[in-house]
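Summary of the model geometry
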Amino acid sequence: MSSAEIAIALDGVTRDYGQRGSVVSAVGPVSLSVPAGEFLVLVGASGCGKSTLLRLIAGFEQPTLGTVEITGRAPRPGESAGVVFQQPRLFPWRTVGGNVELALRYAGVPKADRPHLRDELLDRVGLAGVSDRWIWEISGGQQQRVAIARALAGDSSTLLLDEPFAALDALTRERLQEDLRQVSHETGRTIVFVTHSAEEAVFLGSRIVVLTDRPGTTALDLSIDLPRSGVDADDLRTSAEFTRLRAEVAHAVKSAATARHTSRKAAS
Ligand code: ADP
Ligand code: MG
């Protein structure tokens, strides 16, 4: 595969925290190539280094060792990728539309083009018609939709999401998963999505990487070939193949600590 088709490249990435004597190794070493348009889900137990890895890809912090590249360059924070966190982190003194317009302004979109693009983005995340509402007037699920619209406002082709649906109720979570899957299909953006849920991973991902316990490194790298369009979400979730994959991923997450020791031995 040519380098032009690689959206994200991690090469021997590690991240340690702390000073000499009390160093915590949070991540790595991790090497990963993410082709453009892939929906990669990183799964692992709490504390295994998922958020750290995502911050490294976003360029919010630097690896201790190794390199991170987005489309062949070191990531520029806030520019190379749109980022969505577990909490929506919106501006409560702005309306729904105002939050999206601000993101368009930061992305360098001329003022005259912003209202039209704002409406297009809100439509894409299922929020047509709520542009004038205040942030505190809409539900948590809707707020997270605004956060996704805001992340899509930049012209970067990469979207990074860190457990964005973890705080939502089960039904809302499923709806947002379905819509994000659709966004991925329609926009062709490269997505890296972090979760600790095997179910969520299998539903969303075209590829799943299971991380070991801290310092997180690859325990399993799995391609998911479930249909990406033209299939009912509930049928998909109850299909035999879905159930089989979910069990495989859940098992891999549970045994990931052992897998790390095995892979370390194999590496040394
Ligand atoms: P996850 O998102 O998978 O729950 P994190 O990436 O948040 O895991 O954390 C991985 C490990 O790194 C944890 O042990 C955490 O305590 C540690 N860690 C994360 N960020 C810092 C930091 N800024 N300083 C010190 N330790 C950190
Ligand atoms: Mg985390």
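Note that the structure is a prediction, hence the values are computed from the model and not measured.

**Focus: helix α5 (residues 170-187)**
Under the 1.5 Å per step criterion, the end-to-end length of α5 is 26 Å for 18 residues, consistent within 8% with the ideal 26 Å. Of the positions making up α5, those classed as buried are T172, L176, Q177, L180, R181, V183 and S184.

**Looking at the site of ligand 1**
The environment of ligand 1 is made up of Y17, A26, A45, S46, G47, C48, G49, K50, S51, T52, R55 and R214. Within the side chain of R55, one N or O atom sits 3.5 Å away from a nitrogen atom of ligand 1. Protein coverage of the free-state accessible area of ligand 1, which is 560 Å², stands at 62%. For the shell around ligand 1, a count of residues per class yields 4 nonpolar, 5 polar and 3 charged.

**Focus on the pairing of strand β1 (residues 6-17)**
Each regular strand displays side chains that alternate between the two surfaces of the sheet. Summarising the sheet, β1 and strand β2 (residues 24-35) pair through 8 bridges and their orientation is antiparallel. Across the sheet, the residue bridging to I6 is P35, located in β2. Here 5 bridges tie β1 to strand β4 (residues 65-70), and the two strands are oriented antiparallel to one another. Each bridged residue has a counterpart across the sheet, and for T14 the counterpart in β4 is L65.

**Overview of unusual backbone geometry**
Cis peptide bonds are those with omega within 30 degrees of zero, and the linkage from G28 to P29 qualifies with 5 degrees. Looking at the element boundaries, P29 is found in strand β2. With a phi angle near 40 degrees, T71 is a residue other than glycine that sits in the positive phi range. The residue T71 is located in the loop between β4 and β5 (82-84) in this model. Residue class for T71 comes out partly exposed when judged on its relative accessible area of 47%. Positive phi, close to 55 degrees, is recorded for R89, a residue that is not glycine.

**Digging into the packing of helix α4 (residues 140-153) against α5**
A packed helix pair is summarised by two numbers, namely the angle formed by the two axes and the spacing between the axes. Relative to each other, α4 and α5 sit at 20 degrees, their axes nearing to 10 Å. By the angle between their directions, the pair α4 and α5 is classed as roughly parallel. For the element pair α4 and α5, the recorded crossing hand is right-handed. Each of G141, Q144, R145, I148 and L152 in α4 lies in contact with α5, whose residues at this interface are T172, R175, L176, D179 and V183. Of the residues that constitute the contact of α4 with α5, the class distribution is 4 nonpolar, 3 polar and 3 charged.

Conventions adopted
Residues numbered from 1 in each chain as written. Chains lettered and ligands numbered in written order. Predicted model: local features only at pLDDT ≥ 70, side-chain atom pairs only at ≥ 80, totals over all residues. Heavy atoms only, no water. Helix = DSSP H or I, 4+ residues; strand = E, 2+ residues; numbered from the N terminus. Expected span 1.5 Å × (residues − 1). Buried < 20%, exposed > 50% of the residue type's maximum accessible area, 1.4 Å probe, protein only. Near = heavy atom within 4 Å. Polar contact = N/O pair within 3.5 Å; in protein donor to acceptor, adjacent residues only side chain to side chain. Areas by Shrake-Rupley, 256 points an atom, 1.4 Å probe, with all protein chains shown as cover. Nonpolar A, V, L, I, M, F, W, Y, C, P; charged D, E, K, R; others polar. Pairing = 2+ DSSP bridges. Axes fitted to C-alpha atoms, helices over the stretch in contact; angles between N-to-C directions. Parallel < 35°, antiparallel > 145°, perpendicular 65-115°, else oblique. Left-handed = near helix turned anticlockwise from the far one by under 90°. Contact = heavy atoms within 4.5 Å.

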